[in-house]
Amino acid sequence: MGAGGGGGAALQVEAEGAADRDLGTAAEGAAAEGQGAAAEHLSASSVAVGAAVLGADVGSTSAGFSHRPGTGSGCAASSAWPEGMDPNSSFCLIIRLLGNPKKSRKEVSCFRFEKIIDSDLTNYNDLVASIVEEYAPAYLEVAHLQYYEEALNTFPEIKSDQELMTMFKKHSETKSVQMFVQYCDPSEPYEPITKYVQPNNKPSQDEDNYLQNPIPENEHVEKDKHYFREDVSVDESEDESEVEEDEEVHEPNHAPNVEYDREDPPMIIGSTYPNMNEFKLAIRQHAVKRDFEFDTEKSAPHRFTSHCKRKDEDDCPWRIHASTNDDLCTIVVRTNPFDHDCSSTNRKKKVKNATKHWICEKVKDWLIEDATLGADELRKKLKEHYKIKIHYKRVYMGKLLALKQLYGDWDSSFNNLYRFKSQVESCCPGSIVQIDHHTINGKIRFRRIFVAFKPCIEGFRVGCRPFLAVDSTFLTGRFKGQLASATAVDGHNWMYPVCFGVFDSETNENWTWFMQLLRQAIGSLLGLAICTDVGQAVMTGVKEVFPEVEHRECMFHLVSNFKKKFHGKVFDDHLWAAAYSRNPYLFEKHWVAMEEVKPSATAYIRKWHNRLWSRSQFSTLRKVDSVTNNLAECFNNWIKHYKSLNLDDFMDKARQLIMIMWNRRRKAAKKLDASVLPHLKKRLNAMPRELNLEVVESSEIVAEVTALGGSGFRFVVNLEERTCSCRQWQVSGLPCKHALAFITSLSDAHIKNYVDSYSSVDTFRAAYAQLIPAMPDKSQWPKSDHGFFMHPPLLKATAGRPKTERYKGCSDKKSKRGKHMCPICKDYGHHWHNCKKGNPGDIAAMMVVRDPPKRKKKTTKTAESSIVPCDDGAPTRMCFPPSISLETTSKKKGKDAKSSAGASKRKSLEGTSSNKGKKAKCESGGSKRSGTGSNQLVALSIKTSMPNEQTNVPVKVGAKQKKKEHVTKIPMVPFDSPTMGTRSKKINPASPAMSTRSKRRLSL
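Here's what I pulled together on the structure shown here. Because the structure is predicted, anything quoted here is derived from the model rather than measured.

### Some thoughts on the overall build of the protein
No. 1: Scanning the protein from N- to C-terminus turns up 29 helices and 27 strands.
No. 2: For the protein, with 1004 residues in total, the buried portion stands at 46%.
No. 3: Of the contacts made within the protein by residues no fewer than 6 positions apart, 66% connect residues no fewer than 24 positions apart.
No. 4: When the accessible area of the protein is evaluated, it comes to approximately 53,900 Å², of which 50% is carbon and sulfur surface.

### A few points about the packing of helix H13 (residues 508–522) against helix H14 (residues 536–545)
No. 1: Running from N to C, H13 and H14 cross one another at 40°; their axes reach a closest spacing of 8 Å. When the axis of H13 is compared with that of H14, the two are oblique. Where H13 crosses over H14, the handedness of that crossing is right-handed. Across the interface between the two elements, Asn508, Trp511, Thr512, Met515, Gln516 and Arg519 from H13 touch Gln536, Ala537, Val538, Thr540, Gly541, Val542, Glu544 and Val545 from H14.
No. 2: Tallied by class, residues from the contact of H13 with H14 come to six nonpolar, six polar and two charged.

### Here we look at a positive patch on the surface
No. 1: A cluster of basic side chains, namely Lys289, Lys383, Lys387 and Lys389, defines a positive patch on the protein surface.
No. 2: With respect to the element layout, Lys389 can be found in the loop between helix H8 (375–386) and helix H9 (392–407).

### A few points about the sheet that holds strand S20 (residues 529–532)
No. 1: Ordered by their spatial adjacency, seven strands build an open sheet running S15-S16-S19-S18-S17-S20-S21, and the pairing between neighbours is mixed. In the strand order of this sheet, the two ends are held by strand S15 (432–440) and strand S21 (550–553), each with one partner. Strand-to-strand twist of the sheet, defined as the mean angle between neighbouring strand axes without regard to direction, takes the value 20°.
No. 2: Where strand S18 (residues 482–489) lies against strand S19 (residues 495–503), eight bridges are found, and the strand directions are antiparallel. Opposite Ser485, over in S19, you have Phe500 as the bridge partner.
No. 3: Contacts from H14 reach strand S17 (467–474), S20 and S21, with the element oriented near 165° to S20.

### Remarks on the pairing of S15
In regular strands, side chains alternate between the two faces of the sheet.
No. 1: Relative to strand S16 (residues 443–452), S15 is paired through nine bridges, and the arrangement is antiparallel. Bridged to His438 within S16 is Arg445.
No. 2: Connecting S15 to the antiparallel partner S16 that follows it, the hairpin turn spans two residues, and Asn441 within it adopts a positive phi of roughly 55°.

### Digging into a nonpolar patch on the surface
No. 1: On the surface, Tyr392, Tyr396, Met397 and Leu400 cluster together into a nonpolar patch covering about 330 Å² of accessible area.
No. 2: Tracing the sequence through the fold places Leu400 in helix H9.

### Let's talk about a negative patch on the surface
No. 1: Taken together, the side chains of Asp312, Glu313, Asp315, Asp339 and Asp341 define an acidic patch exposed on the protein surface.
No. 2: Assignment of secondary structure puts Asp339 in the loop between strand S14 (331–335) and helix H7 (356–369).

### Some thoughts on H9
No. 1: With 16 residues, H9 should reach 22 Å at 1.5 Å per residue; the first-to-last C-alpha distance of 22 Å fits that figure.
No. 2: Those residues of H9 that sit buried are Val395, Gly398, Lys399, Ala402 and Tyr407. Here the buried residues of H9 occupy an arc of 140° about the axis, which is enough to place them on one side.
No. 3: Against the buried residues of H9 lie H7, H8 and helix H20 (647–670).
No. 4: Looking at the residues trailing H9, positive phi occurs at Gly408, about 90°.

### Examining the side chain of Asn510
No. 1: Mapping Asn510 onto the fold places it in helix H13.
No. 2: A distance of 2.7 Å separates a polar atom in the side chain of Asn510 from a polar atom in the side chain of Arg448.
No. 3: A polar side-chain atom of Asn510 sits 2.7 Å from the main-chain carbonyl oxygen of Ser505.
No. 4: Here Asn510 is in contact with Arg448, Phe503, Asp504 and Ser505, once residues within four sequence places are set aside.

Rules of the game
- Residues numbered from 1 in each chain as written.
- Predicted model: local features only at pLDDT ≥ 70, side-chain atom pairs only at ≥ 80, totals over all residues.
- Heavy atoms only, no water.
- Helix = DSSP H or I, 4+ residues; strand = E, 2+ residues; numbered from the N terminus.
- Buried < 20%, exposed > 50% of the residue type's maximum accessible area, 1.4 Å probe, protein only.
- Contact = heavy atoms within 4.5 Å.
- Areas by Shrake-Rupley, 256 points an atom, 1.4 Å probe, with all protein chains shown as cover.
- Axes fitted to C-alpha atoms, helices over the stretch in contact; angles between N-to-C directions.
- Parallel < 35°, antiparallel > 145°, perpendicular 65-115°, else oblique.
- Left-handed = near helix turned anticlockwise from the far one by under 90°.
- Nonpolar A, V, L, I, M, F, W, Y, C, P; charged D, E, K, R; others polar.
- Patch = residues over 30% accessible without salt bridge, like charges linked within 9 Å, V, L, I, M, F, W, Y side chains within 5 Å.
- Salt bridge = Lys/Arg side-chain N within 4 Å of Asp/Glu carboxyl O.
- Lys, Arg positive; Asp, Glu negative; His and termini not counted.
- Charge placed at Lys NZ, Arg CZ, Asp CG, Glu CD.
- Pairing = 2+ DSSP bridges.
- Expected span 1.5 Å × (residues − 1).
- Arc of directions from axis to C-beta.
- Polar contact = N/O pair within 3.5 Å; in protein donor to acceptor, adjacent residues only side chain to side chain.

What follows is the structure in C-alpha cells.
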C-alpha cells in the first residue's frame, strides 16, 4: 500500500476503532473508507506538500499544534498511558503522513495518526522502520522525519539518534510531539516543510463538532447532484466559475470496476466510469470516434464540463457535464442533451483531442508485444486504426509515457537491479548476480553486472559439451552498453545460454572481470574450449583467466580481416578448406598451396591468427567441430528485440526467455524414449545408403576403408577406440562415413552404440532437469538493504540518430540496389550519367553543367589494428607447417661458391634491368601470359651486347664461364605473385633442352 506517494496513491488503513479522543472525533468503520482520520493543510517552501489519501480530501478539525495531554487536544493524559509503560519516558507522537510533493496537487491533505513510544527503548532506525512497515511508501521512496518546535515556530529535521533525543528533551513537559513523515524520491532534492497553514473550514463554536462532515467538498457535490437533473436545463455559470483548472488526478486504490466499451465509450446520461482519468480518456476517444473536438470549461477531481469547439462557428449545441457519484470516485454523466451538428475535424493537421495521454493508452498493447517500435511505426498504426494523422513529436512523447508506465523510470532501473538480485537469490539459491559500481563526483553509479542462474550452470556441467562461445553485442536503449554472453551447445546442437552480463564498453578490465566470474560459476572443467572473435579485449580476458583452455578463433572473423589485404582464387579454394580439414595431411596440403602462391599471406596468418581455427588441430575431448562463433551470434539475434528495455526489465525478460526455452525442451525430453537423440539417429542411419566405399577387415575391430571412384584415399577405422584416421569421429563425437561403412558391414554392430554420450537422451534430459525460477513482476520484488541509491551510468554523447542495427562488415550481405534515385527518370538503381530511359538531351545538358562523378580509388585498409598478436607460448596456438622459404637451402662446396657468386651477379643484373622500366620492355619485345601451372609465361627481355660493351654474364653451375655475344636475361618473378604457379618459382638460365616454343621466343 502506498502512502500518498508514487503519483498520489491512496493510503489504506486497516485499523478499526481508532478514536481521536482529544478532538472528540470517533472513527466509525474501517479507516480505509476515509472515516476517522484527521487531515491538515501543509505547504513547503516552493511547492505544497501532501497527497490525497483515503480516497478523497479529508478535512481537519485541529486548529494548531499546542496539543498537551489533558488539555483537550493531542494524546491522552499521562495517567492514561498504556499499561506497562513508564510515564516519565513515554511520549505521544502525533504523526502526519505526507506524500511526495512532486507528484501531488497544490491543495491536498495529509493523513494523521498517533503513536505512543518509550524514548528509552526507541532509536531513529527503529522509529522509521515501524512507520514504514505500517504505512508502506511508494516504489523506491524514502522517509524524511520532521517535528514542530512551538517555541521557535520551526520544523527541525531528524536524521540521527542524537537529534531524536533532542526532540524528546524539548518536549519532556508536554509529552506530546507533532511529527511529520514525508515520502520522497531519493533521486530528487528533499524540500522540507517550512510553515503550517490553518484550514479555512473551521467549525463555529455553536456547532457540534461530533460527526461533522470532514470533507466540505461533499456538500458541493450534493448540490451538483440535485442541480443537474435529467429533465431540467439550468444555467450553470455560477457554479462552474468555481471549478478549478484541468490538472492531473490521483484516484483512490479502491475504485470500483466499471466495464465499458473502450473503443466506442457511451456518453449518454447515466453512463458510468470508474474515475476521472478514465472518463477523460473516454471522452477523448469519443471525440476521435465522432470526428469532433471539444474545449474544456471546467475540470476538477470531482466534476468535468466541456462544449464543442465549433460552438461559435457552427452554432453546435453539444455540451456535456459529469461529476462524481456518492462514493466520491465513480464518474457519472449528468447531462448531455444535444448531439453534434458541426462539421468534421478529421482532416485537420493538428488533432487536439489525441493527447499524449490518449496515445499512451492506445499504444501500450503494441509496446508490450514489441518495445522497439518507433514513433513512425506507431503513427502508421494509429492512422490505420483511428483514421487520424498525429504529429511525430506527440506520438513520441506518448510512447515515452507508455514505456515509463509499463517498465518504470529509467533513472531508478539501475538501483532496482539490487531488488532483482534479492529476488533471484531468494527463489533460485546458488545463482550468481554480481553488481559492480563506482563513484563519480560523489555519486554512486552503475558500472557492470553479471548474471548466471544455478540451473544453467549445473545443466552446462552435466549435460553439455565443454565448449563456450563468448561474444558481446551492443544495447539499443538509452544506455549504450555491451551485452556479453557465454553460450554452450547441448546434445541437440541447440544454443544453451550459460551466463550473460552488461558493461559499458569492451575493455581488458571488463572482459577480465567477466571471465573471472565465469570461472567462479563453472569452475575448472576438463577439456574446456572457448571460442571468441579476434577482439583484443576478449582474447586478453581469456588468456589471463583461462590460460589452460583450448582457445579457438572464429574463422569468419579471420576471413573478414584476411580479405582486406589479400585476394585470389587460390584462397577461395584453400583457406576455408584448410579450416574444415580434420586430417593434418589435408590441412598441410591446402596450406602449402597457399604459401607457394603468396608467402606473405601465410606469414600474415602466422603472425596475427595463431589461435586454433582449423579442425585438424582441435582436441578430441570437446566433441565440437565448429570453426565459427555462430553460437554466440545466435544468442545475440535471439535477444536483440529486447535490448532497448530498461536494464532491470531486460534482465527479467532474459530470465523469462530462458525459462520458456527450458520448459519447452524439458517437455520434449520427456517424450523421448530412445538412447540416442532421434534426429541424430535418423541422420546416421541415412548416411550409409549412398556410400561408395570398400571395407577391408583386419579384425572385428579394425578395418581399412577405401574411397572408390574418386581420390582413392584409405582410412583406418578402430571401433574399440572409436577412432578413424580422418579424425572426424574423434573431433565431432559422431561416426564418420568410413566408420559407418565398417559398422554397417558387421552383422552384430549397431550405430547407436558408437555415438558419444553427449548425444544421448539421458544427457539431454540432465541439461534441462532443473527449473528456471518463476518470478513476480518487479513491483513485488523484495526490498534491498544495499544502503545507497545507485545512479545510472554517465551516457556518452554520440552524433546522429542512435543505431539499432550493427554495422555491416565486408563479408556481410549488402542491401539490394535501388537506394539511389536517378534525377532524370526518377527510377532507382543507377546514376544520371548512365540513365537508359531518360531524354538524351537532358543527359547532355547535365553533362555540360556538371561532370559525371569520379570513381573513388580503392584503398586497402589494414586489419592489424583490430587483432591482438599472441606471441605467448600458450598450448592453444596453431601449429603451421614449416615455411617453404626456410626449407630452400643450397650446399656450398667447391665450385658451388662460384654458383652462388653467379647467382648474386644475376640478381644484380635483374635489379638493373628492372630499373630501366619501359626501355627494357621496348627493346626486348617481351609478352605477358596470365597462366597458372606449368605453362605460365613470364615476361622475357633479351639484351644484345654491343661490341666493346662489358656485360654481366650469368654463371652456369658446374661449367666453365664462356663469353657470348648475345646474353639472354630472364628476370625473376617475385615469389609473392598471386598468379605464380608451382614450376614458375624455379629460375634457371636458358638451357639448350628448353622447348621449341621457348626457343622461338628467344629468337625474337
